[in-house]
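Report on the structure
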Amino acid sequence: QVQLVESGGGSVQAGGSLRLVCATSGRDFNGYAMGWFRQAPGKEREFVAAISWSGGTTHYSDSAKGRFIISRDNAKNPVHLQMNNLKPEDTAVYYCVATKGEKEEEAGRLRTRYDYWGQGSQVTVSS
């Protein structure tokens, strides 16, 4: 297991934006697909977005499509989640996740399972 560190969460009004960052330590996540899950109070953890190692394949939940953008910078290592037009129902703890694999389909696999995760970053959206 490798620890991931999320940052960038906070409180924002509905319609606003936040940018989450998942910090990595260089070579530790070379060749990994990565993504984001979230968990709201009283609910199960939910897939949000995923990206392949190359960045060529992305997946989004129905809720995230059209509002959120996942990206990565392999040279500098971090993975980002740009969240726009936030809604109160986006309120949750957001977790960075990862699974080992360079193939493009690994991003799809990350929709349902992951092998590494961080401790989460709170996002609160008020109306």
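Summarised in this report is the structure supplied together with it. (Residues numbered from 1 in each chain as written. Predicted model: local features only at pLDDT ≥ 70, side-chain atom pairs only at ≥ 80, totals over all residues. Heavy atoms only, no water.)

Next up on the list: the sheet that holds strand β1 (residues 5-7). If you trace the four strands from one edge of the open sheet to the other, you get β1-β3-β8-β7, paired in antiparallel fashion. Both outer strands of the open sheet, β1 and β7 (68-72), are each paired with one neighbouring strand and no more. The sheet shows a mean angle of 15° between the axes of neighbouring strands, direction not considered. As defined by bridge partners, β7 adjoins strand β8 (residues 79-83) across five bridges and the pair is classed as antiparallel. Note that in β8 the partner of Ile-69 across the bridge is Gln-82. (Pairing = 2+ DSSP bridges. Helix = DSSP H or I, 4+ residues; strand = E, 2+ residues; numbered from the N terminus. Axes fitted to C-alpha atoms, helices over the stretch in contact; angles between N-to-C directions.)

Before going further, it helps to examine the pairing of strand β5 (residues 46-51). Summarising burial for β5: five of the six residues are buried, a large majority. Two elements, strand β4 (residues 32-39) and β5, share five bridges in a ladder whose sense is antiparallel. By the bridge assignment, Gly-35 is partnered in β5 with Ala-50. Taking the residues between adjacent antiparallel strands as the criterion, β4 and β5 are bridged by six residues, where Gly-42 takes a positive phi near 75°. One ladder, built from three bridges, connects β5 with strand β6 (residues 58-60); its direction is antiparallel. In the sheet register, Ile-51 faces β6, and the bridge partner there is Thr-58. With antiparallel pairing between neighbouring strands as the criterion, β5 and β6 make up a hairpin whose turn holds six residues, including Gly-55 at a positive phi of roughly 85°. (Buried < 20%, exposed > 50% of the residue type's maximum accessible area, 1.4 Å probe, protein only.)

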